[in-house]
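# Summary of the model geometry
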Amino acid sequence: MPAVRPYESYVYAYPHKTAYRPLPERPALRELWAAEPKDALSLYLHIPFCEVRCGFCNLFTRIGAPEELTTRYLDALDRQAVAVRDALGDDESVRFAAAAFGGGTPTFLTAGELERLCDIAEKRMGADLRAVPLSVETSPSTATADRLAVLADRGTTRVSIGVQSFVDQEARAAVRPQRRAEVEAALGRIRDARIPVLNIDLIYGIDGQTERTWLTSLDAALAWRPEELYLYPLYVRPLTGLHRLAAATGPDAEAVEQAAWDEQRLRLYAVGRDHLLAHGYEQVSMRMFRRADAPRESQEGPEDYACQTDGMIGLGCGARSYTAALHYSFDYAVNMGEIRSIIDGFTATEDFSRAEVGRYVAAEARRRHLLQSLLQAAGLPLDDYRARFGTDPRADFPAELARFADRGWLDARAPEGLLRLSPLGLAHSDALGPALFSPGVRAAMAAYERK
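Residues numbered from 1 in each chain as written. Predicted model: local features only at pLDDT ≥ 70, side-chain atom pairs only at ≥ 80, totals over all residues. Heavy atoms only, no water.

## Focus on the side chain of T138
Cut-off, in case you're wondering: Per the convention used, a helix needs a DSSP run of H or I reaching at least four residues, while a strand needs a run of E reaching at least two, with both numbered from the N terminus. Three labels apply to residues, based on accessible area from a 1.4 Å probe with only protein chains included: buried if under 20% of the type maximum, exposed if over 50%, partly exposed otherwise in between. Within 3.5 Å is the distance limit for a polar contact, defined as a pair of N or O atoms, with the added protein rule that one can donate a hydrogen and the other accept it, and that residues adjacent in sequence qualify only through two side-chain atoms. Throughout, a contact is declared for two residues whenever any of their heavy atoms are within 4.5 Å.
Mapped onto the elements, T138 comes out in strand β6 (residues 134-138). Here T138 falls in the buried class, since its relative accessible area comes to 7%. In this structure the side chain of T138 is engaged in a polar contact, spanning 2.7 Å, whose partner is the side chain of T107. Excluding residues within four positions of it along the chain, T138 makes contact with T105, T107, A143, V159, S160, I161, G162 and I190.

Next comes the structure, spelled out in C-alpha cells:
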C-alpha cells in the first residue's frame, strides 16, 4: 500500500473556501433561509485584524487598522446584521444556540468596540449572549483587563488564547514575536476575569523543537489548569511568512526535509497526547483535549445544536454561513494586499441582502456528516446517520472506509453501531479528512487561484 502523508490539511470546515466561487445569480438571503430551521442556529462574528501576523498564519486577517478602519468595519457589520436578521424573517422563532467571536483577533478591538460588537450580536441579531455558550479568541498582547472585563460581563463562557509555545526561541522561529513573561501575565488576567473555560493553543513541529522543549510548553500550559488545550501541528502554507522562508531554501531541500518533519510531528503529537491523557484530559479530536472535570455546559452548548446539521450565520468579511443547500461567504485571500482590498470593499458595502460567493452543497450532505462525525474521537453512531439519510455510511462510502480499515485507522473494537477512529486513525486525521473530499470539491480546490 502506498505511503500516506500524515499532514495533508486541517479540515475544520467542509467544503473549504477555496472550493467557493462567485455566485452569478447572487441569491437573496431571504429566499435561502425561507425553508431552513431557525431554532438552533450558530452565530459567528469575524474580526479580521491582528497586531502582528504569525509566520504560519493563513487566516483572513490584516495587520493593524489605520484611519478608523475598525469603526468603519463595525459600521458595515452593523448594516450586515440588520440585513441578515431581516432575511431570517419573523414567521417562525429564530434562536441562536451558540455564539463565537473569531478572527483575526477579536480583542484587537478596544473595550468600547467589544461592547459594540456584543450589541450587534444581541440587539441586531437577537442572540442572548448570557444564555448561550460564547467563545472569544484572544492573544497575549490584547488580553487586557478592560477587554476581558467586557467579555466576562457580556456572558463569555470560553476564551481561547493562541500561545503556540512557551519557549521564546520557538516563538521566534514561528515568527510570533512574544515573550513567555507576557504570555504568563495574559493568562493571569484571563483567570482573574473568571471566565469559565480557558483554552490554550499550542503548536508542535516548530523548527528546533524537541520532546524536551515540547514538554516544557505543555507543562507551562498545564500549570494554569486550562479546561481545554488544542495541540496543532505546524503547517507551512502558501503565501505565509514561513512559506516564503522555506522557498528560499529551494524545492529540493524542502522535499528532502518533508519526511523528517512528518516524523517529528507524529512523534511530538504522540508525546503531547500521552502527556495530557496522563494529566487528566480526555481526547475529543486529534487537536482538542478537555480536562475531565471541566464544565461541559460552558463549552458544548445545548444538546439540540449539531454542527453537522444545523445552520450557521456568519457576519463579517471572513465569516461563512451555512444553509442546507448553500455555504456562502465573501471572497477569500491570504496575500495581505488582497485581504486589505476585500476588507475595504466590505466596509463600503451598503446592500448585504444577497449571497456573493459560495458553493451549493446539497450533494455533499452525507459526506460532510461522515467527515465531521468521524474526525471526533467519539465517532459516528450509525443510527444517527441512518435516521437522517435512510442509508448506511458503509454502503455510501465503501471504498473510502475500506481503505481506512486496511490502514488500521478504524477502531475494530468499537461498540456495535459505532463507527470510530482508532488511535492511529486520530493521529492521521489530517490525511483521513482530505481523503473524504468529493471529486468535485477536490477539483474546485485544485483550480483555485491563490491570492
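## Concerning the confidence of the model for the protein
Threshold: What pLDDT conveys is the predictor's confidence in a given residue, as a value from 0 to 100.
For the protein, the mean per-residue pLDDT works out to 90, and 90% of the residues sit at or above 70. In the model, residues 237-253 has pLDDT below 50 throughout and makes 28 contacts with residues more than four positions away in sequence or in other chains. This model gives residues 299-306 a pLDDT under 50, and the stretch forms 18 contacts once residues within four places in sequence are excluded.

## Notes on the environment of L229
Looking at where L229 falls in the secondary structure, it is placed in strand β9 (residues 228-233). Relative accessible area serves as the criterion here: at 0%, L229 is assigned to the buried category. As a C-alpha pair, L229 and I200 span 29 residues in sequence and 5.0 Å in three-dimensional space. Beyond its immediate sequence surroundings of up to four residues, L229 is in contact with N199, I200, L202, A221, L222, L276, Y281, R287, M288 and F289.

## Describing the packing of helix α12 (residues 365-374) against helix α13 (residues 382-389)
To describe two helices that pack against each other, one gives the angle between their axes and the distance between the axes. We apply this condition: To obtain an axis, a line is fitted to C-alpha atoms, over the contacting stretch when the element is a helix, and the angle between two such axes runs from 0 to 180 degrees between their N-to-C directions. An angle below 35 degrees is read as roughly parallel, one above 145 as roughly antiparallel, one from 65 to 115 as roughly perpendicular, and any other as oblique. Here a crossing is taken to be left-handed if its near helix is turned anticlockwise relative to the far helix by less than a right angle, and right-handed if that turn runs clockwise. In the scheme used here, Gly and all other residues not listed as nonpolar or charged are polar, with Ala, Val, Leu, Ile, Met, Phe, Trp, Tyr, Cys and Pro taken as nonpolar and Asp, Glu, Lys and Arg as charged.
At their nearest, the axes of α12 and α13 sit 11 Å apart, and the two run at 165° to each other. Between α12 and α13, the angle is such that the two are roughly antiparallel. Of the two possible hands of crossing, α12 and α13 adopt the one that is right-handed. Counted together, A365, R366 and H369 of α12 and Y385, R388 and F389 of α13 form the full contact between these two elements. Broken down by class, the residue content of the contact of α12 with α13 amounts to three nonpolar, one polar and two charged.

## Quick word on the packing of aromatic side chains
In plain terms, the rule: Any two of the Phe, Tyr and Trp rings considered here, Trp counted by its six-membered ring, make a pair once their centres fall within 6.5 Å; the pair's planes then place it as stacked at under 30 degrees, edge-to-face at over 60, or tilted in between.
Evaluation of the coordinates by the stated rule reveals 16 aromatic pairs. Considering the side-chain rings of Y10 and Y12, the 5.5 Å spacing of their centres and the 55° angle between planes classify their relative orientation as tilted. Given a relative accessible area of 43%, Y12 falls into the partly exposed group. Aromatic pair Y73 and F346: ring centres 5.1 Å apart, planes at 35°, arrangement tilted. Placement of the pair is Y73 in helix α2 (residues 69-88) and F346 in helix α11 (residues 336-348), with a sequence separation of 273 residues. By relative accessible area, F346 is classed as buried at 2%. Three or more aromatic residues joined by ring pairs make a cluster, and in this case those are F49, Y73, F108, F330, F346 and F352.

## Topic: the nonpolar core
Going by this rule: For our purposes a nonpolar core is just a set of buried Ala, Val, Leu, Ile, Met, Phe, Trp, Tyr and Cys residues, chained together by side-chain atoms within 4.5 Å.
In terms of nonpolar packing, the biggest core is built from 109 residues, with L43, L202 and I313 touching the most fellow members. Top contributing element to this core by residue count: α2, with ten residues. Grouped together as the second largest cluster of nonpolar side chains are seven residues, A13, Y20, M312 and V357 included.

## Looking at the packing of helix α3 (residues 111-124) against helix α4 (residues 145-153)
Between α3 and α4, whose axes approach to 9 Å, the crossing angle comes to 20°. As summarised for this structure, α3 and α4 are arranged roughly parallel, according to the angle between their axes. For the crossing formed where α3 meets α4, the hand is right-handed. Listed contacts from α4 to A111, L114 and E115 of α3 are D146, R147, V150 and L151. Across the contact of α3 with α4, the residue classes tally to four nonpolar, no polar and three charged.

## A short note on the pairing of strand β14 (residues 326-329)
As a reminder of what qualifies: Pairing between two strands is assigned when DSSP locates at least 2 bridges connecting them.
Because side chains alternate across β14, one face comprises the buried residues L326 and Y328, and the other comprises H327 and S329, equally buried. Here two bridges tie strand β13 (residues 321-322) to β14, and the two strands are oriented antiparallel to one another. Bridge pairing in β14 links S321 to Y328. In sequence, β13 turns back onto β14 through a hairpin of three residues. Bridge count between β14 and strand β15 (residues 357-360): four bridges; the pairing is antiparallel.

## Some words on unusual backbone geometry
The omega torsion of the bond from Y14 to P15 falls at -5°, within 30 degrees of zero and hence cis. Mapped onto the fold, P15 is located in the segment before β1 (21-22). Note the cis peptide between G103 and G104, where omega equals 20°. Even without being glycine, R26 reaches a positive phi, approximately 40°. In this structure R26 comes out as partly exposed when scored by relative accessible area, which is 31%. Residue R225 is not a glycine yet carries a positive backbone phi of 45°. Take R225: it is sitting in the loop between α7 (211-222) and β9. On the basis of relative accessibility, which here comes to 47%, the residue R225 falls in the partly exposed class.

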